[in-house]
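Each chain, letter by letter, is given below.
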Amino acid sequence: MAEKVLMKGNEAIAEAAIKAGCRHYFGYPITPQTEIAAYMAKRMPKIGGTFLQAESEVAAINMVYGVAGAGFRVMTSSSSPGVSLKQEGISYIAGADLPALIVNVQRGGPGLGGIQPSQSDYFQATKGGGHGDYHLIVLAPASVQEMADLTIKAFDLADQYRVPAMLLADGTMGQMMEPVELPDLPPAEIEKPWAVRGTKGERKHNIINSLYLDPELLEKTNFERFEKYKVIEEKEAMYESFMMEDAEYCVVAFGIAARVSKNAVVAARKKGIKVGLIRPITLWPFPKKVMAEAAEQCKAFLSVELSMGQMIEDIKLHTGCKKPVELCCRTGGMIPAPEQVLGSIEKLAKENQ
Amino acid sequence: MVVFEKPKALTDAPFHYCPGCTHGIIHRLVAEALDELGIEGKTVGVAPVGCAVMAYNYFTCDMVEAAHGRAPAVATGLKRCMPENVIFTYQGDGDLASIGMAETVHAATRNENITIIFVNNAIYGMTGGQMAPTSLPGQVTQTSPYGRDVTTAGYPVKVSEMLSTLDGPEYIERVAVNNVKNVRNAKKAILKAFKNQIEGKGFSLVEVVSSCPTNWGMTPSKALEWIDENMIPYYPLGVYKDRSAKEE
Ligand SMILES: Cc1ncc(C[n+]2csc(CCOP(=O)(O)OP(=O)(O)O)c2C)c(N)n1
Ligand code: SF4
Ligand SMILES: [Mg+2]
């Protein structure tokens, strides 16, 4: 195994992508993810890859579409306002069934918002974002190591299912420095007979396309894509359970909010409250099964988010609203302190005996 | 003797274009160029959003359908990951000179080694005849029913003139396809635009002054005359930039 090195979260994403065989990066500068582009600008020319600073996020995502159509591993990264601009291209990538990685190191919104960490693009990431019926595979890292591991996982899943994947991080994850171990991976070349690399006169032309003027055909294509989504939902949901064995109360949080919540859970346990944490690692597919089980086991839920409460809707949905679900949040770039979360847990326990 | 043969680089799919539309001629010229240069097997074409959206059904090479205006960015991605392949885009005026202007200018200024076939018919054909960035002053369209008023709608964009002011691009030429002589010149320009790419010279764009009889509200032959009388005076034909020729 490779040795541990100290890295910023954003750099870990970049290096992990290179390890995963990504040789094409397109982006447009925006805080707080600029380290990814800076890293790629340094590394790509040395390894025969592409780094291109595009004229906009719109252009960058369409460059990604081109490379993805040719069947090579490719990525772009941005932060919230930039990811909004990418939505058109993301919808086309999804509609043409192409694998690609989009990284969103979220900042506060709406509008120009701020540059401090946020999780308020949860709806955009998990409910579509662009136009039409589609999903992205959405992965939410909670450590620098996961920034790297989930980047690699995202490329693998995207290729396996021909679905675009999104790494949904936040400003804290991007800036945080932690030791990380980057594996040396064998080249993950999976067959892509659909790719456009020239017919060489040996086959009928391939077409990368999302246009179906015949509504029956478009419906059929969407049905087929949703069959694929069903398989993904069945097989690929990931989460971490923490102190859930005997838990009567359940905190649900991802990314930086989950790290804060973990401390609060430990503190609450010391006060005798039987509380645990479920940390979704995939936000789409949402870890439905474990939520349904927790709904049987626990008396109440607490969603801890860096937004006005977005994931809470999925928690309510997948617990079937069987138990109360409360929200503990900060927004606009603010992060809840462990004491705030602890206070919310205590209140939750008191009100749901 | 064979007098008329379909280029090999065109599929058997019948064109969906209106009768007398010059998109068909331009497709043919592109296909002939691919045949003559023997590059169809390593070419990837990028179709626009516009009347030529289904160009992916007509060319036998690999094809990608791009979002409206984004073809130069998509082509950039394709070329960067496959420098040995030949990449072209085929775009209308709304696509290239309005919604996709940023992608056009930046691909040009980066001197992306791609070929762009730019079909200027001074109208939004596909959506039923709205004003295009290239619609002429006074031109009546669905969204300029009293004629394009330059005081409110601005002036037409002269793409070839504008791009040729950039240091980046290799080759910019404007041609037309409204008579035999012009078609011959158009063919030569298109061939050159592909050859430049093969020789690694860089960004080559051929603006083709084209007709839209349906939305101009004219017979096909009247539309060809209208090109001579109205389009070409505003959009003079010729080579606007040819870096290598200058250097030689
Ligand atoms: C984002 C987006 N906006 C608008 C449209 C609608 N639309 C389709 S074709 C077109 C205009 C095409 O005109 P042009 O590029 O001149 O091509 P032509 O049909 O004249 O060949 C428009 C506006 C679209 N498909 N996508
Ligand atoms: S609408 Fe105009 S540009 Fe489109 S196919 Fe018909 S004639 Fe050609
Ligand atoms: Mg047009």
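Bear in mind that the values here come from a model prediction, so they are computed numbers and not experimental data.

Rules used in this analysis
Residues numbered from 1 in each chain as written. Chains lettered and ligands numbered in written order. Predicted model: local features only at pLDDT ≥ 70, side-chain atom pairs only at ≥ 80, totals over all residues. Heavy atoms only, no water. Core = buried A, V, L, I, M, F, W, Y, C linked by side-chain atoms within 4.5 Å. Buried < 20%, exposed > 50% of the residue type's maximum accessible area, 1.4 Å probe, protein only. Helix = DSSP H or I, 4+ residues; strand = E, 2+ residues; numbered from the N terminus. Contact = heavy atoms within 4.5 Å. Donors = N, O, S within 2.8 Å, 3.2 Å for Na, K, Ca; no water. Near = heavy atom within 4 Å. Polar contact = N/O pair within 3.5 Å; in protein donor to acceptor, adjacent residues only side chain to side chain. Areas by Shrake-Rupley, 256 points an atom, 1.4 Å probe, with all protein chains shown as cover. Domains from an automatic or database assignment. Salt bridge = Lys/Arg side-chain N within 4 Å of Asp/Glu carboxyl O. Nonpolar A, V, L, I, M, F, W, Y, C, P; charged D, E, K, R; others polar. Pairing = 2+ DSSP bridges. Right-handed = clockwise from strand over helix to strand, strands pointing away. Axes fitted to C-alpha atoms, helices over the stretch in contact; angles between N-to-C directions. Parallel < 35°, antiparallel > 145°, perpendicular 65-115°, else oblique. Left-handed = near helix turned anticlockwise from the far one by under 90°.

**Student:** Give me the nonpolar core: which residues, what numbers.
**Tutor:** Counting residues in hydrophobic clusters, the biggest one holds 145 residues, and the most contacted among them are A:Tyr65, A:Met75, A:Ile137, A:Phe301, A:Ile345, B:Leu78 and B:Phe203. Ranked by the residues each element gives to this core, the list is headed by helix 6 (residues 144–161) of chain A, at 10 residues. Setting aside residues no more than four positions away along its own chain, A:Ile345 makes contact with A:Val251, A:Ala264, A:Val265, A:Ala268, A:Ile273, A:Val275 and A:Leu302. By size, the runner-up hydrophobic cluster in this structure holds 37 residues, among which are B:Tyr17, B:Leu29, B:Ala47 and B:Val175.

**Student:** Please give an account of the coordination of the magnesium ion (ligand 3) that cites residues and values.
**Tutor:** Residue and element names in this part refer to chain B. Taken together, Asp93 (OD), Asn121 (OD1) and Ile123 (O) make up the protein donors of the magnesium ion (ligand 3), found 2.1 to 2.7 Å from the metal. Read from N- to C-terminus, the donor residues coordinating the magnesium ion (ligand 3) fall into the pattern D-x27-N-x1-I. Of this pair, Asp93 sits in helix 3 (residues 93–99) while Asn121 sits in the loop between strand 4 (115–120) and helix 5 (150–153), placing them 28 residues apart in sequence. The pair formed by Asp93 and Asn121 is uniform in burial state, with each residue classed as buried.

**Student:** Please give an account of the site of ligand 1 that cites residues and values.
**Tutor:** The local shell around ligand 1 holds 17 residues, among which B:Cys51, B:Asp93, B:Asp95, B:Gly125 and B:Met126 are the closest. Around ligand 1, the neighbouring residues derive from chains A and B rather than from a single chain. In this structure, an oxygen atom belonging to ligand 1 sits 3.0 Å away from a side-chain N or O atom of B:His23. Between ligand 1 and B:Asp93 there is a distance of 2.7 Å, counted from an oxygen atom to a side-chain nitrogen or oxygen. A total of 590 Å² of accessible area belongs to ligand 1 in isolation, and the protein chains cover 76% of it. It is helix 3 of chain B that provides the largest number of residues to the shell around ligand 1, a total of 4 residues.

**Student:** Which residues make up the domain arrangement of chain A, and what values do they have?
**Tutor:** Residues and elements named next belong to chain A. Partitioning chain A into structural domains gives domain 1 (4–199 + 210–235) and domain 2 (240–351). Computed from C-alpha atoms alone, the centre-to-centre distance between domain 1 and domain 2 is 27 Å. Where domain 1 meets domain 2, there are 5 salt bridges. Across the pair Glu178 and Arg259 runs a salt bridge, and its minimum N-O distance is 2.5 Å. Across the domain 1-domain 2 interface, the total number found is 16 residue pairs in polar contact (both at pLDDT 80 or more). Elements represented by at least two residues in the side of domain 1 that touches domain 2 include exactly helix 5 (122–126), strand 6 (137–139), helix 6, strand 7 (165–170), helix 7 (171–175) and helix 8 (215–235). Considering every element that reaches the side of domain 1 that touches domain 2, the biggest residue donor is helix 8, with 4 residues. Tallied by class, residues from the side of domain 1 that touches domain 2 come to 16 nonpolar, 9 polar and 7 charged.

**Student:** So what about the pairing of strand 15 (residues 325–329) of chain A? Which residues, and what values?
**Tutor:** All names here are of chain A. Note that strand 14 (residues 300–305) and strand 15 share 5 bridges and pair parallel. Residue pairing for strand 15: Val304 is matched across the bridge by Cys328. This β-α-β element, strand 14 to helix 11 (residues 311–318) to strand 15, shows right-handed connectivity.

**Student:** Could you give me a rundown of the sheet that holds strand 14 of chain A, with the residues and numbers involved?
**Tutor:** Picture the strands of a sheet paired through backbone hydrogen bonds; they go either parallel or antiparallel. Residues and elements named next belong to chain A. Strand order in the open sheet formed by 5 strands is 10-12-11-14-15, and the pairing between neighbours is mixed. The open sheet has two edge strands, strand 10 (239–242) and strand 15, and neither has a second partner. Across the sheet, the mean angle separating the axes of adjacent strands is 20 degrees when strand polarity is ignored.

**Student:** Any details on the site of ligand 2? Residues and values, ideally.
**Tutor:** All names here are of chain B. Near ligand 2, the surroundings consist of Tyr17, Cys18, Cys21, His23, Cys51, Asn121, Gly125, Cys212, Pro213, Thr214 and Asn215. Among the elements that make up the shell around ligand 2, the one with the highest residue count is helix 8 (residues 213–216) (3 residues). The residue inventory of the shell around ligand 2, partitioned by class, reads 6 nonpolar, 5 polar and no charged.

**Student:** Lay out the packing of helix 9 (residues 255–270) of chain A against helix 12 (residues 338–351) of chain A in plain terms, naming residues and giving numbers.
**Tutor:** Each packed pair of helices is defined by two parameters, the angle between the axes and the distance between the axes. Residue and element names in this part refer to chain A. Relative to each other, helix 9 and helix 12 sit at 55 degrees, their axes nearing to 8 Å. Looking at the two axes, helix 9 sits oblique to helix 12. Considering only the axes of helix 9 and helix 12, their crossing is right-handed. When helix 9 is examined against helix 12, the residues Val260, Ser261, Asn263, Ala264, Val265, Ala267 and Ala268 are found in contact with a partner set consisting of Pro338, Val341, Leu342 and Ile345. A breakdown of the residues in the contact of helix 9 with helix 12 according to their chemical character gives 9 nonpolar, 2 polar and no charged.

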